[in-house]
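Chains, contacts and geometry: an overview
The lines below spell out each chain.
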Amino acid sequence: MAGISGAETKAKRIGWGLLNTVAVIYALVPVLWIVSLSFKSSATLTDGNFIPREWSFDNYRNIFATTEFIRALVNSIGIAVIATAIAVVFGTMAAYAIARLDFPGKRLLVGISLLIAMFPQISLVSPLFDIERALGLFDTWPGLILPYITFALPLAIYTLSAFFREIPWELEKAAKMDGATPAQAFQKVIAPLAAPGVFTTAILVFIFCWNDFLFAITLTSTEASRTVPAALSFFTGSSQFEDPAGSIAAAAVVITIPIILFVLFFQRRIVAGLTSGAVKG
Amino acid sequence: MAEIVLDKVTKRYPDGALAVQEVNLEIADGEFIILVGPSGCGKSTTLNMIAGLEDITDGELRIGGQRVNEKAPKDRDIAMVFQSYALYPHMTVKENMAFPLRLAKVDNATVEKKVKEAAEILDLSQHLERKPSNLSGGQRQRVAMGRAIVRSPKAFLMDEPLSNLDAKLRVQMRTSVSRLQKQLGTTTVYVTHDQTEAMTLGDRVVVMRGGVVQQIGAPQFLYDQPANLFVAGFIGSPSMNFVPATLENGALRSVIGDVTLTDRIRRLVESADAPREVILGIRPEHFEDAAIVEPAKLSAGGKFTSHVDVLESMGSDKYAYFNLTGEQAASAELQELAADAGSDDVPGDGISLVTRLSSASGAVEGEPADIWFDADKVQLFDPSSGKNLTYTER
Ligand SMILES: Nc1ncnc2c1ncn2[C@@H]1O[C@H](COP(=O)(O)OP(=O)(O)OP(=O)(O)O)[C@@H](O)[C@H]1O
Ligand SMILES: [Mg+2]
């Protein structure tokens, strides 16, 4: 009996392993392809080799040679970080209130934020274009930060209120009994427990802002506020007849790095099941 | 350490629910007092008001002679143990226990010393560096106790601290809680809905029902002299038997036999101005197999004969269950008790009776048995008010 079940689990494990490998390869091949392209010289760009025959850093040198890409990178980082910070702060407050308090209009608030999250962004593009031009926000940082916050807030509120609901509020009472002021109770007990939720939300919101192309392409017109996804589409080769694919690939690799760093940095703080053991169960 | 006084304390929740009504209670310094009652009777609310976690709607709460109604929990110097333990999951056992001391800005050396002492008392020394999620239920419970005792507060409040443990552990922890309280001599208010805990732990027991205190007294006193039907039915396990009865010319008639009242009971009944129809209450241990009762005592009690429904032999004694034909005793209190015990929907045909007979009894399951009861041990209750007509202060 034991032998049979052992064989069964072994077969199962191999099956799952195979499936996982296929899935990982499927997801990674395009990424690796881009990486490979970015290291090819313009002459060998279209040779179809997966591993570049000769490694070249020309593409990277090129994109950093002009201000076009560097400006876009600065815009991207600045806009995404500011929008993320504001959305997470407001989202935390709103989610805390939603999870914790009963106030009139709570359902309405949740309903509206859900509505915003589902709203097709493309239908907002032309009105936003007109409004921002009228207000002088067009092609400025706030002109992108504002719509990003609008669409990131529902996401933030939803993720965070799920996290807040998980925190046993008896802990706050216990802290009070142990002699903490409300501020100390929040700082020493609630905040550390809510932190994983806040970081998770920050990552999701940051990625959302970082990846956006639709607003970036429609609400900007110059280097003043154009972010990397939009700037990529304006890339040209060093001459009109040169294929810009190598530069685009290099830029694509470069803009993935902040996301990877961001996730790695915050991942340490996201410890699943941190709240288990607070209360029985 | 201090005494705690509740002076007509009332709690009305914002939604209008009256949870606690004019509770008067004086808890002496060092006393171990138990709040007991069925679910929803206002025990936790009372405790939370003493803690400062709930506002007091009306009345006054004094700790150590000082009015504390308006004081925040942290300024009352009281520690609380929660039913869920409420341990801080991101801190180790040691940090959990040290937390109140750190907040009080106690210096490091003293914190170390106090935590070490508490850990030794509670047998937690080898778990100090672990996180609560890696502990067993009993260990978590002890950490919660440890967090309460480290800073030597004026009083401990405990809200059903053992109800999440399994039966065996609960009995073990019950003795250690009791020992710990004696050792520290700290005033303790302990909430439970388990009448066994109430009987075994406290110096005094407060029985509550629907936000109103029913009776306050030592466990044995509540057992012997319940003030009303509710206390009589709540305290004691198995609980008191209730049978409708009629008072007539100094005699008491009921399905468990007719008896003449003893002089003591007659005097009490007369001064209490008892109605004709009463409810007779008698505890299981006041029955005996008529065959083994001394002849002299036999006449001083009532007798009935019935088939033994179920017989449970405990070795030391035997529990015999009977089902007699007749109307059940009816009163609001008894209905509420039955609902709390979850037995209100059992088809209640006839009167069920639990008797405790000595092991020498020859009663056999399914066979008829002659059962005697002690006439001086009956308690009589007024069915409309629930009041105990045979209640004496001492
Ligand atoms: N926050 C609240 N708002 C309104 N009513 C409440 C609130 N908390 C408790 N109550 C009501 O007050 C009454 C007493 O509740 P309490 O929690 O004190 O009962 P309890 O004796 O501790 O019961 P249990 O044994 O189930 O814990 C109940 O009827 C309950 O419905
Ligand atoms: Mg309770």
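Residues numbered from 1 in each chain as written. Chains lettered and ligands numbered in written order. Predicted model: local features only at pLDDT ≥ 70, side-chain atom pairs only at ≥ 80, totals over all residues. Heavy atoms only, no water.

**Describing the nonpolar core**
In plain terms, the rule: Among the buried residues, those of types Ala, Val, Leu, Ile, Met, Phe, Trp, Tyr and Cys that are joined through side-chain atoms within 4.5 Å form a nonpolar core. Classification of residues uses two cut-offs on accessible area relative to the type maximum, computed with a 1.4 Å probe and protein chains only: under 20% is buried, over 50% is exposed, and between them is partly exposed. Pairs of residues are marked as contacts when any of their non-hydrogen atoms sit within 4.5 Å.
Counting residues in each nonpolar core, the largest one holds 52 residues, and the members touching the most others are I34, M97, V115, Y190, V207 and F242 of chain B. Ignoring sequence-local partners within four residues, the contact set of V207 of chain B consists of V36, V212, V213, Q214, Q215, L222, F230, V231 and I235 of chain B. Ranked by size, the runner-up nonpolar core spans 50 residues in total, among them A95 of chain A together with V9, I33 and C41 of chain B.

**Concerning the interface of chain A and chain B**
Condition: Take the accessible area each of two parts loses on contact, using a 1.4 Å probe, and add the two losses: that sum is the buried area. One side-chain nitrogen of Lys or Arg within 4 Å of one carboxyl oxygen of Asp or Glu is enough to make a salt bridge. The helix count covers DSSP runs of H or I at least four residues long, the strand count covers runs of E at least two residues long, and both are numbered beginning at the N terminus.
Contact residues are listed per partner, giving 24 residues for chain A and 24 residues for chain B. Taking both sides of the interface into account, the surface hidden between chain A and chain B amounts to around 2200 Å²; carbon and sulfur atoms contribute 65%. One can count one salt bridge joining chain A with chain B. A salt bridge links R147 of chain B to D178 of chain A; the shortest N-O distance between them is 3.4 Å. Going through the elements one at a time, α7 (170-177) and α8 (182-211) of chain A are the ones with two or more residues in the side of chain A that touches chain B.

**What about the confidence of the model for chain A?**
In plain terms, the rule: pLDDT is a per-residue confidence score from the predictor, ranging from 0 to 100.
Residues of chain A with pLDDT of at least 70 account for 90%, and the chain-wide mean is 85. Below pLDDT 50 for its whole length, residues 271-277 of chain A participates in 13 contacts with residues either more than four positions away or in separate chains.

**Re helix α5 (residues 167-184) of chain B**
Residue and element names in this part refer to chain B. Defined as follows: Here the expected span of a helix is defined as 1.5 Å times the quantity of residues minus one. Directions drawn from the helix axis to the C-beta atoms are what define this arc.
Compared with the 26 Å implied by 1.5 Å per residue over 18 residues, the 26 Å span of α5 between its first and last C-alpha is a close match. Of all the positions in α5, only M173, R174, V177, S178, L180 and Q181 are classed as buried. Viewed end-on, α5 has its buried residues packed into an arc of 165°, placing them on one side of the element. Summarising the geometry of α5, the exposed residues directed more than 90 degrees from the buried face are K168, R179, K182 and Q183. Against the buried residues of α5 lie β3 (32-36), α3 (108-121), α4 (137-149), β7 (155-159), β8 (187-192) and α6 (195-201).

**Some thoughts on the site of ligand 1**
All names here are of chain B. To keep things clear, this is the line we draw: Neighbouring residues are identified by heavy atoms, a residue being near a molecule or strand if any of them is within 4 Å of it. Each polar contact in these results corresponds to two N or O atoms within 3.5 Å; when the atoms are within protein, one needs to be able to donate a hydrogen and the other to accept it, and residues that are neighboring in sequence are counted only if both atoms are side-chain atoms. Throughout, the Shrake-Rupley method with a 1.4 Å probe supplies accessible areas, and for residues the shown protein chains are the sole cover considered. Note on residue categories: nonpolar means Ala, Val, Leu, Ile, Met, Phe, Trp, Tyr, Cys or Pro, charged means Asp, Glu, Lys or Arg, and polar means any other residue, Gly included.
Near ligand 1 the following residues occur: Y13, D15, A17, A19, S39, G40, C41, G42, K43, S44, T45 and E160. Residue K43 places a side-chain N or O atom 2.8 Å away from an oxygen atom belonging to ligand 1. Taking S44, its side chain carries an N or O atom lying 2.6 Å from an oxygen atom of ligand 1. The fraction of the free accessible surface of ligand 1 (640 Å²) that becomes covered by protein chains is 62%. At three residues, the largest contribution of residues to the shell around ligand 1 is made by helix α1 (residues 43-51). Here the residues of the shell around ligand 1 are counted per class, giving four nonpolar, five polar and three charged.

**A look at α3 of chain B**
Residues and elements named next belong to chain B. Given a rise of 1.5 Å per residue, 14 residues ought to cover 20 Å, and the 20 Å separating the end C-alpha atoms of α3 matches this to within 8%. Considering only its buried residues, α3 is in contact with α2 (93-103) and α4. Backbone geometry just downstream of α3 places D123 in the positive-phi region, at approximately 60°.

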